[in-house]
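Analysis of the macromolecular model
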Amino acid sequence: MPILPAAQAAVFGPVLDQATMDSLELCYRDNGFVVLRGVFSVDLTDRMEAECVDAQRKVVARELPERYGSTVFLDDAAKAERFANYVEFVNELSPAVREAATHPALVAVLRRLLGEDAWLREGSRFGIVYQDARPGKESGYSRIGWHSDWQSAPSLDIWPSTAFTFHLDGTSPANGFLRVVPGSHQWATPAPYKNVNDIEVPPDAKPAGGYSDVEPPYEMPMRFEAVPGEIPVYTERGDIILHDAYLWHSAARATDENTTRRHVRGGYFGGNRASEQAGQFLKNAAR
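The rules behind each value
- Residues numbered from 1 in each chain as written.
- Predicted model: local features only at pLDDT ≥ 70, side-chain atom pairs only at ≥ 80, totals over all residues.
- Heavy atoms only, no water.
- Axes fitted to C-alpha atoms, helices over the stretch in contact; angles between N-to-C directions.
- Helix = DSSP H or I, 4+ residues; strand = E, 2+ residues; numbered from the N terminus.
- Parallel < 35°, antiparallel > 145°, perpendicular 65-115°, else oblique.
- Left-handed = near helix turned anticlockwise from the far one by under 90°.
- Contact = heavy atoms within 4.5 Å.
- Nonpolar A, V, L, I, M, F, W, Y, C, P; charged D, E, K, R; others polar.
- Pairing = 2+ DSSP bridges.
- Polar contact = N/O pair within 3.5 Å; in protein donor to acceptor, adjacent residues only side chain to side chain.
- Phe/Tyr/Trp six-rings, centres within 6.5 Å; stacked < 30°, edge-to-face > 60°.
- Buried < 20%, exposed > 50% of the residue type's maximum accessible area, 1.4 Å probe, protein only.
- Lys NZ or Arg CZ within 6 Å of the ring centre and 35° of its normal.

The next point concerns the packing of helix α1 (residues 18-31) against helix α4 (residues 104-114). Between two packed helices, both the angle of their axes relative to each other and the distance between the axes serve to describe the pair. Close contact between α1 and α4 brings their axes to 11 Å; oriented N to C, the two are set at 50°. The angle between the axes of α1 and α4 places the two elements in the oblique class. Between α1 and α4 lies a crossing whose hand is right-handed. Touching Q18, M21, D22, L24, E25, Y28 and R29 of α1 are A108, V109, R112 and L113, all from α4. Tallied by class, residues from the contact of α1 with α4 come to six nonpolar, one polar and four charged.

The following block contains the structure:
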């Protein structure tokens, strides 16, 4: 399994010429993720932040339909009465988010990774989601346990997929960060038959997902344990993380109680778009 010497080895700048695209794809295929820097203008990132924060305020004030502020991701739904960690379908509320998600440079990269027919999930499941992760008693989202995105819908034919994360805050141990196991997308990761939330996996689920039939060298942890070969991925404001749906990943909790880790999360898919209408979501990751 290829191991990056540091997360920063996966960072690519704003000039996406043919040589850069070749290197980017090689890094992604080997490791399961890349970081793009300088693709978005400062103005676009500022507009995304302002529009997402405004949508978040409106969710808490109940000025928006329930569609935008459901509690499906939360373990304690009562916390949504006081604070909104998530704004779903934020692409319908923020023109800047839609502009970022369809940015020509980003689309070019995703078509390179997924094929020319790659499609953006924007009107189904949760659409594109604004996420505000922070510690504190009012927060229902401070970290997330080990999982792969594929495990949330193991019955569907929408895969492969690449998730994008637009960072409105830079990340660090102080405010939390992404943890990944480079190369784990190559393993045949089992569907989450055993999971921390006791979610029942449907009988039509694919038994495993990944780019080979090689079994993982160890079981995926149920919660937040250390994993052999894992690395942190630190970002700056405006960075984009792209990661494969089969990649093992989790997110660390902030060590500073007075911080935020805000980002916009969505995905492009290379599989059967009609399959998405089944709307499957298995909430198997620990919070």
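Following the structure, the description resumes.
Before going further, it helps to spend a moment on the sheet that holds strand β13 (residues 249-251). Read across the open sheet, the four strands follow the order β6-β13-β8-β11; overall the sheet is antiparallel. Looking at the sheet topology across the chains shown, the edges are occupied by β6 (144-147) and β11 (231-233). Here the average twist between neighbouring strands, direction ignored, is 20°. Relative to β11, strand β8 (residues 178-180) runs antiparallel, the two sharing three bridges.

What follows deals with the environment of R253. Summarising the element assignment, R253 is placed in the loop between β13 and β14 (261-269). Put simply, R253 and A205 are 48 residues apart on the chain and 31 Å apart in space, counted from C-alpha to C-alpha. Sequence-distant contacts of R253, that is, excluding residues within four places in its chain, are made with P135, G136, S142, R143, P173 and G176. Among the polar contacts made by the side chain of R253, one reaches the side chain of E257 at a distance of 3.1 Å.

Turning our attention to the packing of aromatic side chains. All told, the structure shown has 13 aromatic pairs when counted by the stated rule. Seen in terms of ring centroids, W150 and Y246 are 6.4 Å apart; in terms of plane orientation they differ by 55°. Their pairing is tilted. Of the two residues, W150 is situated in the loop between β6 and β7 (161-167) and Y246 in the loop between β12 (240-244) and β13; the sequence distance between them amounts to 96 residues. For the residue pair W150 and Y246, the accessibility class agrees, reading buried in each case. Pairing W159 with F269 gives two aromatic rings, centres 5.7 Å apart and planes at 50°, and the pair type is tilted. One end of the pair, W159, is in the loop between β6 and β7; the other, F269, is in strand β14, with 110 residues separating them in the sequence. Accessibility classification places W159 together with F269 in one group, the buried group. Grouped by ring-pair contacts, the aromatic residues F40, F164, F166 and Y268 constitute a single cluster. Taking the ring centre of F224 as reference, the NZ or CZ of R143 above it sits at 3.6 Å.

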